[in-house]
Amino acid sequence: MRPSTAEFLHQRFLSYYAGAQIPAPDALSQREWGFLFFSSRDDPRMRRHIGFGTKDELVEYLRTMAPAHVFYSTAYYDDPAAPTMSAKGWAGADLIFDLDADHILKPPFPSYPAMLSRVRDETRKLIDLLVVELGFAEHELQVVFSGGRGYHIHVKALSVRQFTGQERRELINYVCGIGLDPALLLRPAAESSGGWHGRQLRALEEYLDWLESLGESEALAHLQSIPDLGRGMARQIWKRRRSLFEMTDASIRKVLRPLLSEGNDAWRSRIREAGVMADEPVTTDIKRLIRAPGSLHGGTGLRVTVLEPRELEAFDPLIEGVVFAEREIPVEVVRDCRVSLLDHDLQFEPGPTRVPEAVAVYLCSRGMAEVGGVAP
Amino acid sequence: MRPVFDAKDLARYPFLQEAQAKIAGSQLENLETFLEGEVGRRIIERATDRLESAISLPPQALNDHFREFHARIPNALESLYAYGMARVIASCTGDRTVIERLIGYEAWRSAFYLSSEADEEKRTEVARQLGLEVSGEAVPVVRYVEMVAGLREPLWRLVNREVKGGFVRVHASELDVLLRERIRVVIRGRGLPGVPPEVCALLAPAVGHVSGVLQSQMLRDLGPIDESRYPPCMAALVAALAGGANLTHMGRFALTAFLHTIGLSTTQIVEVYQRSPDFDIEKTLYQVEHISGSSGTEYTPPSCATMETNGLCVNRAALCERVGSPLGYYRKKKGGPQQAGTAGRDPPSGSSG
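Everything quoted here is computed from the prediction, not taken from an experiment.

Visitor: Tell me about the packing of helix 4 (residues 38-56) of chain B against helix 12 (residues 204-222) of chain B, and please be specific about residues and values.
Guide: Residues and elements named next belong to chain B. In contact at an axis separation of 10 Å, helix 4 and helix 12 are set at 15° when each is read in the N-to-C sense. If you check the angle between helix 4 and helix 12, you find them roughly parallel. The element helix 4 and its partner helix 12 pack so that their crossing is right-handed. Contacts between helix 4 and helix 12 involve I44, T48, L51, E52, I55 and S56 on the former and, on the latter, A206, H209, V210, V213, L214 and Q217.

Visitor: Hey, could you go over the domain arrangement of chain A for me, with residue numbers and the actual values?
Guide: Domain annotation for chain A reports domain 1 (7-175 + 279-320), domain 2 (182-274) and domain 3 (328-371). Summarising the inter-unit geometry, the C-alpha centres of domain 2 of chain A and domain 3 of chain A are found 50 Å apart.

Visitor: Residues and numbers for empty space enclosed by the protein, please.
Guide: Throughout the structure, instances matching the rule amount to four cavities of 30 Å³ or more. Estimated volume of the largest cavity: approximately 150 Å³. If you go around the largest cavity, you meet 13 residues; those closest to its centre are L184 and R187 of chain A together with N160, R161 and E162 of chain B. Here the element with the most residues in the lining of the largest cavity is helix 7 (residues 195-214) of chain A; it accounts for three residues. Looking at side-chain class alone, the lining of the largest cavity contains four nonpolar, five polar and four charged residues. Approximately 90 Å³ is the volume found for the second largest cavity.

Visitor: Could you give an account of helix 8 (residues 120-129) of chain B, naming the residues involved and the relevant values?
Guide: Residues and elements named next belong to chain B. Those residues of helix 8 that fall on the buried side of the exposure criterion are K122, R123, E125, V126, A127 and Q129. N-cap assignment for helix 8: the residue whose side-chain oxygen lies 3.0 Å from the backbone N of E121 is D119. Following helix 8 by one or two positions, G131 adopts a phi angle in the positive range, close to 75°.

Visitor: Describe the interface of chain B and chain A, listing the residues and the values that go with them.
Guide: With 21 residues of chain B at the contact, the number on the chain A side is 28 residues. Here chain B and chain A share an interface that buries about 2,100 Å² over both sides, 56% of which is from carbon and sulfur atoms. Linking chain B to chain A there are one salt bridge. The partner of E170 of chain A in a salt bridge is R157 of chain B, and the shortest N-O contact between them spans 2.5 Å. Applying the counting criterion to the chain B and chain A interface returns 10 residue pairs in polar contact (both at pLDDT 80 or more). Along the lines of polarity and charge, the residues of the side of chain B that touches chain A split into 11 nonpolar, five polar and five charged.

Visitor: An account of the pattern of salt bridges is needed here, citing residue identities and associated values.
Guide: Residues and elements named next belong to chain B. One pass over the structure, following the stated rule, counts 46 salt bridges over all chains. In this structure, D9 engages K122 in a salt bridge whose closest nitrogen and oxygen atoms are separated by 2.7 Å. Of this pair, D9 sits in helix 1 (residues 7-12) while K122 sits in helix 8, and the two are 113 residues apart along the sequence. By relative accessible area, which is 2% here, D9 ends up buried.

Visitor: Lay out the state of the cysteines in plain terms, naming residues and giving numbers.
Guide: Residue and element names in this part refer to chain B. Inspection of every chain in the model, using the stated rule, returns one disulfide over all chains. The disulfide that involves C92 links it to C200, with 2.1 Å between the sulfurs. The sign of the -85° torsion about the S-S bond sets the C92-C200 disulfide as left-handed. One end of the pair, C92, is in helix 6 (residues 76-93); the other, C200, is in helix 11 (residues 197-202), and 108 residues separate them in sequence. According to the relative accessible area criterion, C200 is buried, its value standing at 17%. No disulfide involves C233; its sulfur sits 6.3 Å from the nearest other cysteine sulfur, which is in C313. Residue C233 is classed as buried on the basis of its relative accessible area, which comes to 9%.

Visitor: Account for the packing of helix 7 (residues 96-115) of chain B against helix 12 of chain B, with residues named and values stated.
Guide: Residue and element names in this part refer to chain B. Closest axis-to-axis distance for the helix 7/helix 12 pair is 10 Å, and the angle between their directions is 90°. Between helix 7 and helix 12, the angle is such that the two are roughly perpendicular. Facing helix 7, whose interface residues are T97, V98 and R101, helix 12 presents V210, L214, Q217 and D221. A class-by-class count of the residues in the contact of helix 7 with helix 12 yields three nonpolar, two polar and two charged.

Reading the values: the criteria
- Residues numbered from 1 in each chain as written.
- Chains lettered and ligands numbered in written order.
- Predicted model: local features only at pLDDT ≥ 70, side-chain atom pairs only at ≥ 80, totals over all residues.
- Heavy atoms only, no water.
- Axes fitted to C-alpha atoms, helices over the stretch in contact; angles between N-to-C directions.
- Helix = DSSP H or I, 4+ residues; strand = E, 2+ residues; numbered from the N terminus.
- Parallel < 35°, antiparallel > 145°, perpendicular 65-115°, else oblique.
- Left-handed = near helix turned anticlockwise from the far one by under 90°.
- Contact = heavy atoms within 4.5 Å.
- Domains from an automatic or database assignment.
- 1 Å grid on protein atoms, 1.4 Å probe; cavity = no way out; pocket = protein on both sides within 12 Å on 5 of 7 lines; lining within 4 Å.
- Points joined across faces, edges and corners; volume = space filled by probe spheres on them.
- Nonpolar A, V, L, I, M, F, W, Y, C, P; charged D, E, K, R; others polar.
- Buried < 20%, exposed > 50% of the residue type's maximum accessible area, 1.4 Å probe, protein only.
- Polar contact = N/O pair within 3.5 Å; in protein donor to acceptor, adjacent residues only side chain to side chain.
- Buried area = accessible area lost by both parts, 1.4 Å probe.
- Salt bridge = Lys/Arg side-chain N within 4 Å of Asp/Glu carboxyl O.
- Disulfide = S-S within 2.5 Å.

Here it is, written out as structure tokens:
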């Protein structure tokens, strides 16, 4: 990034923070803060271990420094500004789920709007699971558009605040369907359609349909490629594909273990889709920094936006996350790209052009353009 | 109406409010005189025995141990005080392993008595005080997760349970185990008493003895360094190094912490990294020393779950299903002559094998 571009972005962020209402997280004085700044150098250093006693101090800092990225700790500390993690005195942490396009989609990635819409579907699925199955109240959930490629869910329930990383792992594994035991399928459930029992059962039906659609020789080749599943068992599964559950418990157990194992990619991907594709380490890390709502994302210029769960459906991050205006700015585009923002849908090729400020901030933040250049 | 717990009950369930009150009310104010008296010495001895058993007996040997021990609770009140004293001594050692083992021991002990508790009212009241009502067949998700975090079998994982509306369905036959784990959570949650240094000084012989028992138990658990016992994930990391691959940060961290914990010296660990073609001795030394504790924090190797999250859990073997960490695998995977017989049943000797 050219120095002039870094300065342009810094100025724009200054103007935003000068007037913005920034919501402070609860227990502000127990949070650690970390910041990254605009720089023309390729060596971003985070300034962290910073604490604010009051909201005024926080706002004053943002207005003066206008950081490129603003993070705070999901954890509560006795002394958040202490220079080492062990000296901070951990006193609990919010439960966080992170849904990010990088984790949900495989390259080649679709357009940015399509990507965000896919992640929103996944977020909706997660909210549903948290409320209907895990029993959290909707008002305990805060949904946050990250300003980048996804959404975060902050669970503010006091009951989980003291959870260790291991306890949080139980929850994220439930959400993602990690560690599912195939034998679960054999257990009689009170309501077989709900929870993982039902999801696993439906995934198995789909998988067997898919197997059928392959035809005998291809299906056998697939089955034999699964680790620990020999030729004899492959034949047996193919023959019994419509009547698996008529086998005795003992023999079906023998079949299901290898068939529905991690080593079977076609099965694993179905389970992944049946669950929620959240990023595990974010949930299990009890000392993580997360983007602060109300701040701007220095990689897009979009606002990190808080939503009520029920507002998610109608939320359009590429309209409601935009905080800059229409004033025209000359920029020099450095590569082919397409931008959908507000009511603009613009296609660019390398070269100088003039664009609305909101688009200029987006292009420059993402490294797709430098500010300046001569407009045609 | 609440059942009345007698001294024996309190010795069995020392986490009960009534038991806590009894311990608090026992006049231990004149501690020095008390500790030096005959009763005091006996209680210290019983507390030390308790800690020795906690450290040296594996969980599967505990019920037999209690069955044997159950026959001779000569003085219930002294047994209750020994519970308190064991906590004081554990607190003085300041060692997390001692503390965790004691908590586990106490949980198994009370659960042992609870499973054979004939008085239904008492059983209900104990469960109530633990915050785990036994009525119905559902446990709130949060409670459940706290209880099963230490259980390894797949059937306890939340993902393998019926979960609805914030409740986990449990079967009546599972309640004994859940109560035991709940006791563990409750005792752990209360923390240990903060003991003033002058009191720890009075208990120095007992504290020193317990630390010694732990030390020799750990040496026995780990045995001599043996590359053939490395879990598949660690063997893969070593093989990757030898084959010229560049390990990820997490891979380096996991391997170094593992090798350090099983007893390799810094020099020996650096030798392992030397097999890698992009070996940089200064950088490696720095990383190894940092991870093995020169910075003040000694890192323990990651759990299986963390290895899995980071894509480092490879070539899973059957034994992996029964352990929670690569270190657990290493411990279990023995088979040399020194392991003949059931290790845990031997009386704790205090000297290393």
